[in-house]
Amino acid sequence: MKTKFWIICLSAFFVSCLRNMHDIYTGGGEEGEEKINKDDFFDFTTVRNSQLIIDYGMKVQTAFYLYDEYPMELVENTWEFKDINPIYAASTDMNGRFFSKVSLPAYLKKVWLVTDNVLVVSPVELELLSDRLTFNYVDYKAQLSADGRSRAVMGGVSYPDGYDVLGNWNENGVPDYLLPEKLDIPGAFLERCSNLSRSIVVDNRNLLERFPELRTSGSNDMVITKSTGLVATYFNFSSTTWEDMVAYYTYKEGESVDMATIKKTILIPRSSRNAPKSLVGEQIKLKYWNKEQSKYEDEFPQGTHIGWILLGMGFGKEKGVFPRYSNPAYNDNKEQRSVLLSDPELDNCFFMAMEDNVDMRFNDVQFAIMASASSSVEPTPNIPDEVNKGEISYVVKGSLAYEDNWPDKNDYDMNDVVIYYSSTVVKDKSSNALVRTTTTFTPMNDGATYTNGFGFQLDYVGKEHIDLVQVSQEGNVIGKNFEPGIEKPVLILFSDIKPVLKKPVTVVIGFKKYDKVSDMDAYPPYNSFIFVNKRSHEVHLSGYKPTSVADESLRGTGSDLSQDSNGTPMYYIAEDNMPFAINISNSEFRWPSEKVSITTYYPEFKQWRDSFGADYKDWYLHPKE
């Protein structure tokens, strides 16, 4: 994190971890004793700065999210997002690329990458290396395609009676009639589809109740007003476990339709959460059945109506399927089972969403349809624009534990002050600039006889970049200003922890829109500190500088090391290489009992410290029972 005043070189890790940490410092600094080298001391961070490199290989800005666990769960027959928050979120540039440092819990070995982009497979499990996290979608998709080619195309795969096909598909439902060269999908259309698709997946409400304007009194079929070709594109975010198929049929205005005899053609052999991931983004050219000449043609003539059928559980079956029609007149109870939506700006781009069962979220089958000729399809209801909020967010949470006896050596039970925090970080979707942070600090334990207050400082964001400060507790606003007389932004949340135990304090900080403040410059829990008995007696996390009102005369006294052997400043590190405060990332800290050292209560703490954080990164998840 940029908020660190000093960092440990990786090269020093491997040399220093061989030393006995108890031999580093032997006492009062008399001449002839072993020198104190900065690289011999650990910063006790539980987060890791990783270089995040993402390349989606497409010229469209893409929002993405990182989760510390698989973010979806199966509810009845539908995959739904769990009620959990991402641990990081950002957007790529307009070329689909992202390159930046991010802070993540150090103990994580893998994360799950989720994207809003409907042309991208999601979620994807990624290995988190020691210093970087990379993902190249072109390479990933190539591997998926290679895996998909391991099974030959098979004839004789079952499909429902009374349907024709455009070709064959293999046992996994991968057609042999995918377009070899894909058509580009306009970025603006893709973004609108992605916004709606994600909204459909994460929102459990009935889609037509959310957006009544999408209800149709007609057939909800596609009407061709000028001769055109049509191409369908597989989208991600199919949430159903049903093995669905999609078919279509054509008719003329006023023509009687008999579903038992009309020519019905299977377009998508398999649409399911279990379908091969390699299909996402693939395209199929629709064919028009010319019944006069008994052949398929590449273009649909003017006046053609196209009806759609979702065949619930149709893949691999001849009978027993559940047909859902785009024309409600053919459905049970005449329910609307699909929405065909126009792009509000591009008259040849359409988004189809279909419902296979009962939740009416229309998240079961989704795909795009693009017409080769402009103004060739009768307009339908527009893709709603309410779903595009222009913001993305993630949550940073953890615990802060302090020893209030600094600068003197204490028992290291780390329970004098314990505070849980949870912060929602909101960023502008297009620029990645920080919009606001909403952080709740909950005082959980007061194990001290002293009077301890709490606050924090923003080290890398000036007051001139901030346009909102609001501190509230129990629904009441208790502060709107930073601490006066200090150049940097400092907020004092309480001056005595005892009366506010278990009473959350929420801080909202808003950042000026055009200043483009980075979230890494104001990363929770900021430069948090306690002050003991009086405002000037500050105790900070290791490596963090005190505020300008702190009593500098305390530094270097007692057990505190104020500088190394070269005179370089050090902050809040004890002579025996122990911290006076610690941030426990992504976890609610279980503090030791009074006078029980953290090294006793957490047996892996010492090995973690002695390895400079290389080993036992999750030590705080394993207390001694």
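Cut-offs applied
- Residues numbered from 1 in each chain as written.
- Predicted model: local features only at pLDDT ≥ 70, side-chain atom pairs only at ≥ 80, totals over all residues.
- Heavy atoms only, no water.
- Pairing = 2+ DSSP bridges.
- Helix = DSSP H or I, 4+ residues; strand = E, 2+ residues; numbered from the N terminus.
- Axes fitted to C-alpha atoms, helices over the stretch in contact; angles between N-to-C directions.
- Patch = residues over 30% accessible without salt bridge, like charges linked within 9 Å, V, L, I, M, F, W, Y side chains within 5 Å.
- Areas by Shrake-Rupley, 256 points an atom, 1.4 Å probe, with all protein chains shown as cover.
- Salt bridge = Lys/Arg side-chain N within 4 Å of Asp/Glu carboxyl O.
- Lys, Arg positive; Asp, Glu negative; His and termini not counted.
- Charge placed at Lys NZ, Arg CZ, Asp CG, Glu CD.
- Expected span 1.5 Å × (residues − 1).
- Buried < 20%, exposed > 50% of the residue type's maximum accessible area, 1.4 Å probe, protein only.
- Core = buried A, V, L, I, M, F, W, Y, C linked by side-chain atoms within 4.5 Å.
- Contact = heavy atoms within 4.5 Å.

1. Observations regarding the sheet that holds strand β28 (residues 476–479)
Two strands in a sheet stick together by hydrogen bonds in their backbones, pointing the same way (parallel) or opposite ways (antiparallel). Taken together, seven strands build an open sheet; the order of strands is β28-β27-β30-β25-β24-β23-β35 and the sheet is antiparallel. Each having just a single partner strand, β28 and β35 (581–585) make up the two edges of the open sheet. Ignoring strand direction, the axes of neighbouring strands in this sheet form an average angle of 25°. Note: strand β23 (residues 391–402) against β35, five bridges, orientation antiparallel. Each bridged residue has a counterpart across the sheet, and for Y402 the counterpart in β35 is A581.

2. Things to note about a negative patch on the surface
Judged by side-chain charge, E464, D467, E487 and D515 come together as a negatively charged surface patch. If you trace the backbone, E464 turns up in the loop between β26 (452–457) and β27 (466–473).

3. Some details on the sheet that holds strand β29 (residues 490–494)
The strand order β29-β26-β31-β32 describes an open sheet built from four strands, whose pairing is antiparallel. Only two strands of the sheet have a single partner each, and these edge strands are β29 and β32 (538–540). Direction aside, neighbouring strands of the sheet carry axes that sit 30° apart on average.

4. A short note on helix α3 (residues 187–202)
With 16 residues, α3 ought to run about 22 Å at 1.5 Å a step, and its terminal C-alpha atoms sit 22 Å apart, in line with that. Where burial is concerned, most of α3 is hidden: twelve out of the 16 residues are buried. Within α3, the full set of buried residues consists of F189, L190, R192, C193, S194, N195, L196, S197, R198, S199, I200 and V201.

5. A few points about the nonpolar core
In terms of nonpolar packing, the biggest core is built from 129 residues, with Y88, F441 and L493 touching the most fellow members. Beyond its immediate chain neighbours, meaning those up to four positions away, L493 contacts F441, F454, G455, F456, V471, V505 and V507. Judged by nonpolar contacts, the second largest core, of 43 residues, contains A232, L267, Y325 and V377.

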